[in-house]
Amino acid sequence: MHPSRFTHDILLLFAGPIVWGLHFLAIYGFTGVVCARALPDARWLGIGWSGWVVVAMGVLALAVLAGCLRVRPLSPAPDDRRFLRWTAVALAGLAALAIVWETLAVFLVPGCAPGVPG
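Residues numbered from 1 in each chain as written. Predicted model: local features only at pLDDT ≥ 70, side-chain atom pairs only at ≥ 80, totals over all residues. Heavy atoms only, no water.

Per an unreviewed UniProt entry, the chain is named NnrS family protein, and its organism is Ramlibacter henchirensis.

Right, dumping it as structure tokens:
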């Protein structure tokens, strides 16, 4: 089943915010579960294993964003295609900035409250 041109272009337009939202939910959900379960603390380079998982999720989200930018709009009008492309790239850029910002927190603050691994 192929989506319609409209659905394709809307998904392309909002791919950045969608990927950012999924990344946000994934890292906060994962960190919440790790902190609630008080899992063993294995550290590498001063960061707990859960922090490295958050970093991996950030890299994965950025890779998905880059893949979304390879997709072209299907609108028949050239002006519409240029507008959709420019807007999609701008929203993906903002989403990439947000993902990097969320991931950098791993290097600045502990994931869990003191006394709880993270």
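We are not done yet, so read on.
Grouped together as the largest cluster of nonpolar side chains are 7 residues: Ile27, Phe30, Val34, Ile47, Val54, Val55 and Val106. Top contributing element to this core by residue count: helix α2 (residues 15-37), with 3 residues. Within the second largest apolar cluster, 6 residues are counted, among which are Val19, Ala61, Ala92 and Ala95. (Core = buried A, V, L, I, M, F, W, Y, C linked by side-chain atoms within 4.5 Å. Buried < 20%, exposed > 50% of the residue type's maximum accessible area, 1.4 Å probe, protein only. Helix = DSSP H or I, 4+ residues; strand = E, 2+ residues; numbered from the N terminus.)

Tallied over the full model, the rule gives 4 aromatic pairs. Residues Trp20 and Phe24 carry aromatic rings whose centres are separated by 5.5 Å and whose planes lie at 35° to one another, so their mutual orientation is tilted. In this pair, Trp20 and Phe24 are both assigned in helix α2, 4 residues apart and thus about one turn of the helix distant. Among the residues examined, Trp20 registers a relative accessible area of 32% and is labelled partly exposed. Seen in terms of ring centroids, Phe24 and Tyr28 are 4.6 Å apart; in terms of plane orientation they differ by 40°. Their pairing is tilted. Taken together, the residues Phe24 and Tyr28, both in helix α2 and 4 residues apart, mark about one turn of the helix. Using a relative accessible area of 33% as the deciding quantity, one classes Phe24 as partly exposed. Note on Tyr28: relative accessible area 53%, which makes it exposed. Three or more aromatic residues link up through ring pairs in this structure, and these residues are Trp20, Phe24 and Tyr28. (Phe/Tyr/Trp six-rings, centres within 6.5 Å; stacked < 30°, edge-to-face > 60°.)

Another point: the pattern of salt bridges. Under the criterion given, the structure shown has 1 salt bridge. Note that Asp79 and Arg82 form a salt bridge whose closest N and O atoms lie 2.2 Å from each other. Of this pair, Asp79 and Arg82 are both found in helix α4 (residues 78-108), 3 residues apart, which corresponds to roughly one turn of the helix. Each member of the pair Asp79 and Arg82 is classed as exposed. (Salt bridge = Lys/Arg side-chain N within 4 Å of Asp/Glu carboxyl O.)

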